[in-house]
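Close look at the chain arrangement
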Amino acid sequence: MSSPAPMGIADLSPLDRRRQQKAWNWYDWANSAYYTTVLSVLFGPYMITVAGRAAGCGDATETCARTVSVLGLDLAAGSLPSYLTSFATIAGAFALPIVGAWVDRSHHKRYLMAGFAWAGAAFAALLFFMQGDNWQLGAVAVVMSSVLAGCAMVCYYAILVDISTEEERDHVSSRGWAFGYLGGGVLLLLNLVLVLLPGTFGIDTETAVRLSLLSAAVWWAGFTIIPFVRLRDHAPVDVVPVEGGVLRRSFGQLADTFRDMRKYPMTLTFLLAYVFYNDGIQTVIYAASTYGQKQLGFETSVLIATILLIQFVAFGGALFFGRLAARHGAYRLILWGTFAWMVIVVAALLLPAGNIALFLLVAVAIGVVMGGTQALSRSFFSLLIPRGREGAYFSLYNAAERGTSWFGTLLFGVVFQVTGSYRPAILALIVFFVLGAFFLLRLDPARGIREAGNRVPSSM
């Protein structure tokens, strides 16, 4: 039996759409704190320190190549965060397509988004209890919170299509990313004060790090309340009706999606390009703190300040690229961004140890390009999705999303384990941007948008 007629952009006036879009932006503000404070800055180095103690390295500042046992495998403590992130994405690869199909059949996307977010924040809060040499608790917490964060993002991305027209997507997505960078930067600034001046608050540095990890979980859970309360529910679009309950219909739609994907070759081409270049982006972001501390010899305070700088620069970069997209189209800017990332990786390889000025210059370049490419990738992909399949397709898209990339983090970890140095590990990431550009050059954006049944924006 078919669902009721869809309640999306056709049912919203321009004023109502703007209100819904502003409410939607708050989830970017909410969850960016987790990705920034936890995954990008503090978790990697802190996990290496805790696992290093268990491995017998002792010195928290050294590059630890000694191993710990994970499910019978001997893994270098210095590579453990990379392997955990990779495992989380592999687990998400099984869960997210089912969640996406469920989202497409649900009348309550905002309930699903908030439920997954609050569960993820609860697991993230467990990182506070990772101390001494107890790295196992942190491993479980980061894997579960990463998978649940991905589930929430599938719901969040699917809502974008309900509240914006094709012409509005680049602007709305860019503003959301910018808002997220600002939110992540604000909390990181507070954590910077805490980590740099722990004695002022009567605690040691390690306690300050643990409190910062906890603050990200509380921030994520608390600000999710705003979009949960203010967003409206929209009935699903049943392109192919499927009988049965929500789980049966979800599995039915998932099967239909995999069969129908062959009808949208341009969508698949972009998704393949995104898998590569976004894995590169996510690994650069993830590896920045580890590379800076373990290879270039910077203190944690310098690394946090650098990531903070990236956040605020990315805020401007997202808005700037959003304006450029109105003139040149999102596709061209994404392609130009992949070439810029290649330059950034080479520059990172050549950075001399201890040179803060050059390190900050590369950080500014990362912020500008990161803000634009991530925001426009989301909006451009939404144009390549047939109506009613947003959750299913965004679940595949989100498998390569920030903080859950696994090709890049796996390669980064393996190269370090083989060479014992993070420099060749960072250089190896250039292959992802080369492959991303290769597939983008094979893409006809206007054709892909028309094949999906959407209207081609005037800027394309």
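Before reading further, recall that the structure is shown in the block above.
Keep in mind it's a predicted model, so treat the numbers as computed, not measured.

Things to note about the overall build of the protein
A count of helical and extended segments in the protein gives 17 helices and two strands. A buried classification covers 61% of the 460 residues belonging to the protein. Of the contacts formed within the protein by residues at least 6 apart in sequence, a portion of 84% connects residues at least 24 apart. Taken as a whole, the protein presents about 16800 Å² of accessible surface, with 68% of it coming from carbon and sulfur.

What to know about the environment of Val-161
Relative to the elements of secondary structure, Val-161 occurs in helix α4 (residues 135-163). Between the C-alpha atom of Val-161 and that of Ile-385, which follows or precedes it by 224 residues, the distance is 9.6 Å.

Description of helix α6 (residues 205-223)
Given a rise of 1.5 Å per residue, 19 residues ought to cover 27 Å, and the 27 Å separating the end C-alpha atoms of α6 matches this to within 8%. Here α6 has its buried residues at Ala-208, Val-209, Arg-210, Ser-212, Leu-213, Ser-215, Ala-216, Ala-217, Trp-219 and Trp-220.

Regarding a nonpolar patch on the surface
A cluster of nonpolar side chains, contributed by Val-193, Leu-196, Leu-197 and Phe-201, occupies part of the molecular surface with about 350 Å² of accessible area. Tracing the chain through its elements places Phe-201 in the loop between α5 (169-196) and α6. Under the relative-accessibility criterion, Phe-201 is labelled partly exposed at 47%.

Examining the packing of aromatic side chains
Within the structure shown, the criterion is met by 34 aromatic pairs. Centre to centre, the rings of Tyr-157 and Phe-394 are 5.3 Å apart; their planes meet at 65 degrees, and the pair counts as edge-to-face. Here the residue Tyr-157 occupies a position in helix α4, and Phe-394 occupies one in helix α13 (residues 390-398), the gap between them amounting to 237 residues. Phe-394 shares its class with Tyr-157; the two are buried. Three or more aromatic residues joined by ring pairs form one cluster here, namely Trp-24, Tyr-27, Tyr-156, Tyr-157, Phe-270, Tyr-274, Tyr-277, Tyr-331, Phe-380, Phe-381, Phe-394 and Tyr-397. A cation over an aromatic ring shows up here: Arg-110 above the ring of Phe-228, its NZ or CZ 5.4 Å from the ring centre. The ring of Phe-128 has Arg-210 lying over it, and the distance from NZ or CZ to the ring centre is 4.3 Å.

What counts as what
- In every chain, residue numbers begin from 1 and rise along the written sequence.
- Totals for whole chains, interfaces and linings use all residues, but because this is a predicted model, local features are given only for residues with pLDDT of at least 70 and pairs of side-chain atoms are given and counted only at 80 or more.
- Heavy atoms throughout the structure, all of them, feed into the side-chain values; hydrogens and water do not.
- Put simply, DSSP H or I for four residues or longer makes a helix, DSSP E for two residues or longer makes a strand, and each gets a number counted from the N terminus.
- Each residue is placed in one exposure class: buried if its accessible area under a 1.4 Å probe, protein chains only, is under 20% of its type's maximum, exposed if it is over 50%, and partly exposed if it falls in between.
- Any two residues whose heavy atoms approach within 4.5 Å at even a single point are treated as in contact.
- Here the accessible surface of atoms and residues is derived via Shrake-Rupley with a 1.4 Å probe, and residues count as covered only by protein chains that are part of the display.
- For a helix, the expected span equals 1.5 Å multiplied by the residue count minus one.
- Each patch is built from residues that are more than 30% exposed by relative accessible area and take part in no salt bridge. Like charges join if they lie within 9 Å; nonpolar side chains (Val, Leu, Ile, Met, Phe, Trp, Tyr) join within 5 Å.
- Salt-bridge detection follows one rule: a side-chain nitrogen of Lys or Arg within 4 Å of a carboxyl oxygen of Asp or Glu.
- Here a pair means two rings of Phe, Tyr or Trp (six-membered ring of Trp) with centres within 6.5 Å. Their orientation is stacked below 30 degrees between planes, edge-to-face above 60, and tilted elsewhere.
- Two conditions define a charge located above a ring, namely a distance within 6 Å from the ring centre to NZ of Lys or CZ of Arg, and an angle within 35 degrees of the ring normal.

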